[in-house]
Amino acid sequence: MTAYRRFRDRRRFGPVQVATYYDGRGREKHTAACTAPGCGFSADYTDRSAAELAAQTHHCKA
């Protein structure tokens with residue numbers, strides 16, 4: 001079964017997007033994902049500041 005996530009409060013830091021969503025247990029989570037072709041970077045965090053820091057310091061290898 002795939003997870004359907006409704007992302008909100010999206011911001012872009014270069015090629016990386018940061019968004020907020022609720023996980024399956026109703027907890028608020030934040031994700032950072034690189035949109036560059038072939039990169040594949042993505043990570044989930046419990047607080048927004050960590051996701052934004054990851055987005056700002058990400059160096060794409062693609």
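Keep in mind it's a predicted model, so treat the numbers as computed, not measured. (Residues numbered from 1 in each chain as written. Predicted model: local features only at pLDDT ≥ 70, side-chain atom pairs only at ≥ 80, totals over all residues. Heavy atoms only, no water.)

A. View of the nonpolar core. With seven residues, the main nonpolar core is built from Phe13, Val16, Val18, Ala32, Cys34, Ala51 and Ala55. Where this core is concerned, the elements lending two or more residues are β2 (16–22), β3 (28–34) and α1 (48–57). With near-sequence residues (within four places) excluded, Ala51 lies in contact with Val18, His30, Thr31, Ala32 and Tyr45. (Core = buried A, V, L, I, M, F, W, Y, C linked by side-chain atoms within 4.5 Å. Buried < 20%, exposed > 50% of the residue type's maximum accessible area, 1.4 Å probe, protein only. Helix = DSSP H or I, 4+ residues; strand = E, 2+ residues; numbered from the N terminus. Contact = heavy atoms within 4.5 Å.)

B. The sheet that holds strand β1 (residues 8–13), seen in detail. What the four strands build is an open sheet, ordered β1-β2-β3-β4; its pairing is antiparallel. What marks the edges here is a single partner per strand, and that holds for β1 and β4 (42–45). Averaged over all pairs of adjacent strands, the angle between their axes in this sheet comes to 20°, without regard to strand direction. In this structure, β2 lies alongside β3, joined through seven bridges in antiparallel fashion. Along β3, the bridge assignment pairs Gln17 with Ala33. The strands that α1 touches are β1, β2, β3 and β4; relative to β2, the one it contacts most, it runs at about 160°. (Pairing = 2+ DSSP bridges. Axes fitted to C-alpha atoms, helices over the stretch in contact; angles between N-to-C directions.)

Everything listed is a geometric property; what it means functionally is a separate question.
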